[in-house]
Amino acid sequence: MSQNYLLFEEAGQFKTGTILQDTGTSLQVELTTGKRVKVKQANVMLRFASPGPAEMLAEALQEAENIDIDFLWEVAPQEEFDYQLLVAEYYGENPSVVQQTAMLMRLHGMPVYFYRKGRGRYRPAQPDTLKAALAAIERKRLQEEEIQRLAAELEAGQLPALIAGQVPDLLVAADRQSVGWRALDLACQQTGLSPERLLLKVGALPSARAVHEQRFLRSHFPTGTDFPAALSQYQPPVLDHLPESPVEAFSIDDSSTTEIDDCLSVQWLDDGMARIGVHIAAPALGIRPGDGVDQVARERMTTVYSPGEKITMLPDAVVRSFSLDEGHVRPALSLYLDINIETLQVANEFSQVDRIRVARNIRHDELEPFDTEAQLDWQPVPGEEDPLAGLPYADAFRLLWRFTQVLSAERDKVRGRPEVRSRVDFTFRIDGEHVEIIPRRRDAPFDRIVAEMAILANSRWGRLLADHAVSGLYRSQSFGRVKMSTHPAIHQGLGVPQYAWSTSPLRRYVDLINQMQLVAVLEAEVPPFTMNDTSLYAIVSAFEARYGTVGEYQQTMERYWCLRWVAQQPEQRFPAVAIRDETVRLAAAPLYFQVTGLPPMSAGQPLLVDLLDWDELDLTVQARAVRLVADPHDSDPVGAEATPAPGTEDPGLAPSDSIDTE
């Protein structure tokens, strides 16, 4: 009988077909699919006459499953052999083509037992090697069963213990080959849910809030937010050698502020002069580059603020040692300016490291009854009561307010335009899952005083470092672009020739570094960082990266709490203000979103919007414009603001615990 069929190997697979032409070195073959291919003679395994190609291959596959692979491995020669040897051993004389093919396919399909050494040739695995390979296969089989079991539990709304213990990793840095991730991924495919939503559904996380928090903490605090235990025993240095200033210093902060790093003072001198003091907490006196506190501060780079939560840059023991708390005498880096009370011209200025007595920590709610320009501009009138009666340091505040206006006007001249003062800040007060949002305009006089004194100190101390040829970390702004460097440059947005963050050393690492340099200059010591010190460039790079991610996290959490606030309102129709294009912001909360189809509007235009839907996980908002508001009082908008000028930034002497933004 003519052998018109053949079995051949192609790309590691066995195929059958009908021979159409045989040239000796190659054959033209028609596959069972009808496709014609060229087969080299060297790749032909068998020629046969019956059964047909497709039938033979199907029968061989079925027969191969019946071959005992363990028996084959036991009886096979230990050296390399041709598969036909085992065919004869297993089936005896005159094996059929189906049996021959079945043996070939069985050997070829079990590479754990038999290594392929050539066309039709194999060698059995060594006993130890086979044992290890089979154990690995069994482990994989059990793993796959566990993945299926875990996925089924997740799909059923149950939370497996293994998944519960890996939640932070599954959100951020999941090992894609781990059992937990593969089970979660399989369950997500089956349910059509994202990992976050599935974890919420099964109770692995209590709320969308926890998702946002866990993502950030796992990425930036993988070992937790606690400080090394040794730092809890921190003891501040004895600084009795520092001169004690005669000032009676006071701070202005939000009621929730616990890291008080700035105070002001006014001393009344003779001859119509007064001495204004800007005093900054001085942790640099108790921290040295490379010590334990410095290492953790450099790792964290900044205090992390989000509504209702705070992760400090410095350990609590360090903060408590240097925070300018009421009733304590604390070390400070102080800038003093002697000014003429009438002309407000600066006659003399100097900086020093000293100790100050903090007389009062004034909170914003104490200042609210007095926080208007008219009250601070008031001139004595016979029979008229002073509107600042009852305000501590009223005379000092009036002088500071007048001086603030002079400094602000000077910066406006440098910028060539007036500063935009319609920015609104929002204070979040969290109680469990309930949130209260309190708007506050940043152009209030006491805020302006604090900000202007910070700009003054940061600018003057930046110049002090430059005058002494000592490196510092500067912020500059040119043509709308803000950047950091180790050399002074103009900050166009603020209207100052140089600007070095120095006024928040308890909560920002850049300020701490600059304070170390300033203290060295004022104490005639060798600065910790020399000119062009490469470590400063590394600090700048690390700080900018960390500061950016922290700012994004704060915005994320503020947006989450804004949506919680929206959900707590009895109605979902809100006053809003236009920002630019189709972007609007709620008047009473810093919730920004798009409203399609709005007509062209100027920034600050009041309108009413309906919030149709929102998602606390995706932080998305669907809104519809109701109508524009001609009379701003009709919608009672709070703080309709213009778009902030490019490069405008919080000066660094923040009146509350918040991230400074540009």
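Reading the values: rules and limits
Residues numbered from 1 in each chain as written. Predicted model: local features only at pLDDT ≥ 70, side-chain atom pairs only at ≥ 80, totals over all residues. Heavy atoms only, no water. Helix = DSSP H or I, 4+ residues; strand = E, 2+ residues; numbered from the N terminus. Buried < 20%, exposed > 50% of the residue type's maximum accessible area, 1.4 Å probe, protein only. Contact = heavy atoms within 4.5 Å. Areas by Shrake-Rupley, 256 points an atom, 1.4 Å probe, with all protein chains shown as cover. Lys, Arg positive; Asp, Glu negative; His and termini not counted. Charge placed at Lys NZ, Arg CZ, Asp CG, Glu CD. Pairing = 2+ DSSP bridges. Axes fitted to C-alpha atoms, helices over the stretch in contact; angles between N-to-C directions. Core = buried A, V, L, I, M, F, W, Y, C linked by side-chain atoms within 4.5 Å. UniProt positions renumbered as here; feature names shortened; annotations may be inferred. Domains from an automatic or database assignment. Expected span 1.5 Å × (residues − 1). Salt bridge = Lys/Arg side-chain N within 4 Å of Asp/Glu carboxyl O. Phe/Tyr/Trp six-rings, centres within 6.5 Å; stacked < 30°, edge-to-face > 60°. Lys NZ or Arg CZ within 6 Å of the ring centre and 35° of its normal.

Concerning the overall build of the protein chain
Now for step 1: Along its length, the protein chain carries 19 helices and 24 strands.
Now for step 2: By its C-alpha atoms, the protein chain is 130 × 65 × 50 Å across when sized along the principal axes.
Now for step 3: With 662 residues in all, the protein chain has 50% of them scored as buried.
Now for step 4: Residue pairs in contact within the protein chain that sit at least 24 positions apart in sequence constitute 65% of those at least 6 positions apart.
Now for step 5: Accessible surface for the protein chain amounts to roughly 30500 Å². Of this, 49% is attributable to carbon and sulfur atoms.
Now for step 6: Here the protein chain contributes 63 positive and 95 negative side-chain charges, whose respective centroids are spaced 6 Å apart.

Quick word on unusual backbone geometry
Now for step 1: The residue after Ser50, namely Pro51, is reached through a cis peptide bond having omega -5°.
Now for step 2: Relative to the elements of secondary structure, Pro51 occurs in the loop between strand E5 (44-48) and helix H1 (53-65).
Now for step 3: A positive phi angle, near 55°, is found at Ala11, a position not held by glycine.
Now for step 4: Tracing the chain through its elements places Ala11 in the loop between strand E1 (5-10) and strand E2 (13-22).
Now for step 5: Relative accessible area serves as the criterion here: at 81%, Ala11 is assigned to the exposed category.
Now for step 6: Even without glycine at this site, Asn94 takes up a positive phi of about 50°.
Now for step 7: Inspection of the secondary structure assignment puts Asn94 in the loop between helix H3 (83-91) and helix H4 (97-108).
Now for step 8: When its relative accessible area of 72% is taken as the criterion, Asn94 is described as exposed.

Observations concerning the sheet that holds E1
Now for step 1: Strand order across the open sheet formed by five strands is E4-E3-E2-E1-E5, with antiparallel pairing between neighbours. The open sheet has two edge strands, strand E4 (36-40) and E5, and neither has a second partner. Strand after strand, the sheet turns through a mean of 40° between neighbouring axes, direction not considered.
Now for step 2: Bridging between strand E3 (residues 26-31) and E4 involves five bridges; their strand directions are antiparallel.

Remarks on the nonpolar core
Now for step 1: Counting residues in hydrophobic clusters, the biggest one holds 60 residues, and the most contacted among them are Leu586, Leu591, Phe593, Val609 and Leu611.
Now for step 2: The element contributing the most residues to this core is helix H18 (residues 534-568), with nine residues.
Now for step 3: One finds Leu239, Phe370, Ile449 and Val450 within the second-largest nonpolar core, a separate group that totals 49 residues.

Observations concerning the UniProt feature "domain: RNB" (unreviewed entry) in the protein chain
Now for step 1: In the numbering used here, UniProt assigns the "domain: RNB" (unreviewed entry) feature to residues 241-524.
Now for step 2: Annotated as 30% helix and 31% strand, the span residues 241-524 places its first and last C-alpha atoms 15 Å apart.

A word on the environment of Asp262
Now for step 1: The topology assignment puts Asp262 in strand E10 (residues 262-268).
Now for step 2: A relative accessible area of 3% places Asp262 in the buried class.
Now for step 3: The spacing of Asp262 and Gln498 is 236 residues in sequence and 20 Å in space, taken between C-alpha atoms.

Considering the domain arrangement of the protein chain
Now for step 1: You can read the domains of the protein chain as domain 1 (5-125), domain 2 (129-205), domain 3 (248-548) and domain 4 (569-628).
Now for step 2: Each of domain 1 and domain 3 was reduced to a C-alpha centroid, and the two centroids are 84 Å apart.

Description of the sheet that holds strand E21 (residues 583-586)
Now for step 1: Strand order in this open sheet of five strands is E22-E21-E20-E23-E24, and the pairing throughout is antiparallel. Taken across any chain shown, the strands that pair with only one partner, and hence form the sheet edges, are strand E22 (592-594) and strand E24 (620-628). Adjacent strand axes in the sheet meet at a mean angle of 45°, parallel and antiparallel pairs treated alike.
Now for step 2: Here five bridges tie strand E20 (residues 573-580) to strand E23 (residues 606-615), and the two strands are oriented antiparallel to one another. For Val577, the partnering residue across the bridge sits in E23 and is Pro606.

Here's the deal with helix H16 (residues 445-467)
Now for step 1: Its 23 residues give H16 an end-to-end C-alpha distance of 33 Å, which sits within 8% of 33 Å, the value for a rise of 1.5 Å per residue.
Now for step 2: In terms of burial, H16 is a largely internal element, 19 of the 23 residues being buried.
Now for step 3: Directly beyond the C-terminal end of H16, a positive phi value near 55° is found at Ala469.

Concerning the environment of Val521
Now for step 1: Here Val521 is to be found in helix H17 (residues 509-522).
Now for step 2: For Val521, a relative accessible area of 16% translates into the label buried.
Now for step 3: Once residues lying within four places of it in the same chain are set aside, the contact partners of Val521 are Leu464, Leu465, His468 and Val470.

Some thoughts on the pattern of salt bridges
Now for step 1: Within this structure, the stated rule accounts for 40 salt bridges.
Now for step 2: Taking the shortest distance from any N to any O, the salt bridge between Asp169 and Arg218 comes out at 2.3 Å. Placement of the pair is Asp169 in helix H7 (residues 167-171) and Arg218 in helix H10 (residues 208-220), with a sequence separation of 49 residues.
Now for step 3: Among the ionic pairs, Glu213 bridges to Arg209, the shortest N-O distance being 3.0 Å. Of this pair, Glu213 and Arg209 both sit in helix H10, four residues apart, which is roughly one turn of that helix. We note that Glu213, like Arg209, is buried.
Now for step 4: Residues joined in a network through salt bridges with shared partners are Arg209, Glu213, Glu309, Glu433, Arg564 and Glu616.

Quick word on the packing of aromatic side chains
Both the distance between ring centres and the angle between the ring planes are used here to describe each pair of aromatic rings.
Now for step 1: For the structure on display, the rule yields 15 aromatic pairs.
Now for step 2: Measuring from ring centre to ring centre gives 4.0 Å for Phe216 and Tyr553, while their planes differ by 10°; the resulting arrangement is stacked. Of the two residues, Phe216 is situated in helix H10 and Tyr553 in helix H18; the sequence distance between them amounts to 337 residues. In this pair, the class of Phe216 matches that of Tyr553, namely buried.
Now for step 3: In this arrangement the basic side chain of Arg300 is found over the ring face of Phe227, its NZ or CZ atom lying 3.8 Å from the centre.
Now for step 4: The residue whose ring lies beneath Arg508 is Trp501, and the NZ or CZ to ring-centre distance is 3.7 Å.

So, H4
Each α-helix turn comprises 3.6 residues. Residues three or four places apart therefore point the same way.
Now for step 1: In this model, H4 (12 residues) spans 16 Å end to end at C-alpha, consistent with the 16 Å of a helix rising 1.5 Å per residue.
Now for step 2: Taken across its 12 residues, H4 has 10 buried, putting it largely inside the fold.
Now for step 3: Of the positions making up H4, those classed as buried are Val97, Val98, Gln100, Thr101, Ala102, Met103, Leu104, Met105, Arg106 and Leu107.

Remarks on the pairing of strand E14 (residues 329-340)
Now for step 1: Counting buried residues in E14 gives 10 out of 12 residues, a clear majority hidden from the surface.
Now for step 2: Bridge count between E14 and strand E15 (residues 346-363): 11 bridges; the pairing is antiparallel. Within the sheet, the bridge partner assigned to Pro331 lies in E15 and is Arg355.
Now for step 3: Between E14 and E15, which pair antiparallel in sequence order, lie five residues; one of them, Leu344, sits at a positive phi of approximately 65°.

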